[in-house]
Amino acid sequence: MANQSMDIITKVLEQSAKLVEEQVDAQLSKLNEMDEDDLERLKERRLEALKKAQKQKQWLSKGHGEYREVPSEKDFFGEVKDSKNVVCHFYRNSTFRCKILDKHLAILAKKHVETKFLKLNVEKAPFLTERLRIKVIPTVALLIDGKTKDYVVGFSDLGNTDEFPTEMLEWRLGCADVINYSGNLMEPPTMTQRSGTKFTKVEKKTIRGRGYDSDSDSGDD
């Protein structure tokens, strides 16, 4: 019985070795068929892949890749200073729509590690909320190099519906260049369903300067 088992194991190992040998031979054959230009392009692709991996590692070390709560205004300024692209959700626990945004932002944080995704309770950040004149909850501030470039106020830019897809919010963030968006910026994902979407565009301002002045004093509860 033991000899039979050993024979089976030996046979499996021989087959595995043969398969690996064939794969290596195929790779060597492919390399032999490449000219200098092909080899140069291969080197460039591998170098680019290494650079991308290194950059992702740096982003992850700064807290990218996850949707996180900022405990205070002081921490907010440190987070913004530490990263080029930041998406920050100003929320309130009692506002239902904030929970809807949380779900979508958590998905996008994992997909777009080039950007830092944060959330800040407005009740814990009265100074910052006043400075940025955030009056509609939820509001998502989009920051590049420490400056507020744009805002997503309520759901008006997302089709005015609680059932908007994550892709719609992703497209909206792409319009502000705060994420690396690979889709068509000229047309939102749900354009075929709804038209005439209203957008809120804001000039670049420093975080400590005068911020967005909403045209609505009511919260999106």
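For the structure, see preceding data.
Keep in mind that this is a model prediction, so the values were computed, not measured. (Residues numbered from 1 in each chain as written. Predicted model: local features only at pLDDT ≥ 70, side-chain atom pairs only at ≥ 80, totals over all residues. Heavy atoms only, no water.)

### Quick look at a negative patch on the surface
Step number 1: Together, Asp 35, Glu 36, Asp 37, Glu 40 and Glu 44 make up a region of like negative charge exposed at the surface.
Step number 2: Looking at the element boundaries, Glu 40 is found in helix α2 (residues 36-61). (Patch = residues over 30% accessible without salt bridge, like charges linked within 9 Å, V, L, I, M, F, W, Y side chains within 5 Å. Areas by Shrake-Rupley, 256 points an atom, 1.4 Å probe, with all protein chains shown as cover. Salt bridge = Lys/Arg side-chain N within 4 Å of Asp/Glu carboxyl O. Lys, Arg positive; Asp, Glu negative; His and termini not counted. Charge placed at Lys NZ, Arg CZ, Asp CG, Glu CD. Helix = DSSP H or I, 4+ residues; strand = E, 2+ residues; numbered from the N terminus.)

### What about the pattern of salt bridges?
Step number 1: One pass over the full model with this rule turns up nine salt bridges.
Step number 2: Residue Lys 119 is joined to Asp 102 by a salt bridge in which the shortest nitrogen-to-oxygen separation is 3.1 Å. One end of the pair, Lys 119, is in strand β3 (residues 116-121); the other, Asp 102, is in helix α4 (residues 96-111), with 17 residues separating them in the sequence.
Step number 3: Asp 177 is the partner of Lys 149 in a salt bridge, and the nearest nitrogen-oxygen pair spans 3.2 Å. In this pair, Lys 149 is assigned in strand β5 (residues 147-153) and Asp 177 in the loop between α6 (166-175) and β6 (201-206), connecting sequence segments 28 residues apart.
Step number 4: Residue Asp 177 is classed as partly exposed on the basis of its relative accessible area, which comes to 45%.
Step number 5: Taken together, the salt bridges that share partners define one network made up of Arg 68, Glu 79 and Lys 116. (Buried < 20%, exposed > 50% of the residue type's maximum accessible area, 1.4 Å probe, protein only.)

### As for unusual backbone geometry
Step number 1: Here the amide bond leading from Ile 137 into Pro 138 is cis, since omega sits at 5°, within 30 degrees of zero.
Step number 2: Within the secondary structure, Pro 138 sits in the loop between α5 (126-131) and β4 (139-144).
Step number 3: Phi at Asp 145 is positive, roughly 55°, even though this residue is not glycine.
Step number 4: As for its position among the elements, Asp 145 is in the loop between β4 and β5.

### Things to note about the pairing of β5
Step number 1: Among the seven residues that make up β5, five are buried, leaving the element largely enclosed by the rest of the structure.
Step number 2: Linking β4 back to β5 in an antiparallel pair, the connection comprises two residues, with Asp 145 at a positive phi of about 55°. (Pairing = 2+ DSSP bridges.)

### Some words on the packing of aromatic side chains
Both the distance between ring centres and the angle between the ring planes are used here to describe each pair of aromatic rings.
Step number 1: Taken as a whole and assessed by the stated rule, the structure comprises three aromatic pairs.
Step number 2: Summarising the aromatic geometry, the rings of Phe 76 and Phe 77 are spaced 5.7 Å apart at their centres and angled 75° between planes, so their arrangement reads as edge-to-face. Of the two residues, Phe 76 and Phe 77, neither departs from the other in class, the shared state being buried.
Step number 3: Here a set of aromatic residues connected by ring pairs shows up, and it is made of Phe 76, Phe 77 and Phe 90.
Step number 4: Stacked on the ring of Tyr 91, the Lys or Arg Lys 119 has its end atom at 4.5 Å from the ring centre. (Phe/Tyr/Trp six-rings, centres within 6.5 Å; stacked < 30°, edge-to-face > 60°. Lys NZ or Arg CZ within 6 Å of the ring centre and 35° of its normal.)

Shape descriptors only; they carry no functional weight alone.
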